[in-house]
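An overview of the molecular structure
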Amino acid sequence: DGAGDTAPRRSHIEYILMMNGGPFSWKSRRQDNVSLCTSEPEFVAASQAGQDAAYLRKTQTNFGFSRTKSTLLYEDNLACVVMSENPVR
């Protein structure tokens, strides 16, 4: 039981997708799994943010909006950034 600790020990997924300077989509929820390190939940959250961004870009294209610039994804966890650049390490 986690040495009597009743806390669920799960990280939260939190991100905001911005468009034209304002929030366009966001998510904040507890992750389904328990992570063994701090970079793992950051990697999962960044991955989900990227998936949502790709989906929203496709949806905008289907509605006739053209996007010429790439979507930027900011991450403040250096270990997560390194894993995303080469996940095989």
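Residues numbered from 1 in each chain as written. Predicted model: local features only at pLDDT ≥ 70, side-chain atom pairs only at ≥ 80, totals over all residues. Heavy atoms only, no water.

**A closer look at the confidence of the model for the protein**
Looking at the protein, pLDDT values average 81 and 89% of them are 70 or higher. By mean pLDDT, strand 1 (residues 12-19) is the weakest element of the protein at 84, and helix 1 (residues 39-62) is the strongest at 89. Confidence over residues 1-5 falls short of pLDDT 50; this stretch has 1 contact with residues more than four positions distant or in other chains. (pLDDT = per-residue confidence, 0-100. Helix = DSSP H or I, 4+ residues; strand = E, 2+ residues; numbered from the N terminus. Contact = heavy atoms within 4.5 Å.)

**Points about helix 1**
Taking 1.5 Å of rise per residue, 24 residues should cover 34 Å, and helix 1 covers 35 Å from first to last C-alpha, within 8% of that figure. Among all positions of helix 1, only S39, P41, A45, A46, Q48, A49, A53, L56 and Q60 are buried. Against strand 1, strand 2 (22-30) and helix 2 (78-85) lie the buried residues of helix 1. After helix 1 finishes, the residue G64 shows a positive phi value of roughly 95 degrees. (Expected span 1.5 Å × (residues − 1). Buried < 20%, exposed > 50% of the residue type's maximum accessible area, 1.4 Å probe, protein only.)

**What about a nonpolar patch on the surface?**
Taken together, I16, M18 and W26 make up a surface patch of nonpolar side chains, about 400 Å² in accessible area. If you trace the backbone, M18 turns up in strand 1. Among the residues examined, M18 registers a relative accessible area of 51% and is labelled exposed. (Patch = residues over 30% accessible without salt bridge, like charges linked within 9 Å, V, L, I, M, F, W, Y side chains within 5 Å. Areas by Shrake-Rupley, 256 points an atom, 1.4 Å probe, with all protein chains shown as cover. Salt bridge = Lys/Arg side-chain N within 4 Å of Asp/Glu carboxyl O.)

**So, the pattern of salt bridges**
Taken as a whole, this structure holds 1 salt bridge when the rule is applied. The partner of R29 in a salt bridge is D32, and the shortest N-O contact between them spans 3.6 Å. Looking at D32, the relative accessible area reads 65%, which means it is exposed.

**Comments concerning the side chain of Q31**
On the secondary structure map, Q31 appears in the loop between strand 2 and helix 1. A distance of 3.1 Å separates a polar side-chain atom of Q31 from the backbone oxygen of P41. In this view, Q31 contacts R10, S11, H12, I13, P41, V44 and A45; residues no more than four positions away in its chain are not counted. (Polar contact = N/O pair within 3.5 Å; in protein donor to acceptor, adjacent residues only side chain to side chain.)

**A short note on the nonpolar core**
I13, Y15, L17, A45, A49, A53 and L56 together form the largest nonpolar core, which totals 7 residues. Counting residues per element, this core draws most heavily on helix 1, at 4 residues. (Core = buried A, V, L, I, M, F, W, Y, C linked by side-chain atoms within 4.5 Å.)

**Description of the packing of helix 1 against helix 2**
Contact geometry for helix 1 and helix 2: axes closest at 8 Å, N-to-C directions at 55 degrees. Considering the angle they form, helix 1 stands oblique to helix 2. In this structure, helix 1 crosses over helix 2, and the sense of that crossing is right-handed. Facing helix 1, whose interface residues are S39, E42, F43 and A46, helix 2 presents A79, C80, M83 and S84. (Axes fitted to C-alpha atoms, helices over the stretch in contact; angles between N-to-C directions. Parallel < 35°, antiparallel > 145°, perpendicular 65-115°, else oblique. Left-handed = near helix turned anticlockwise from the far one by under 90°.)

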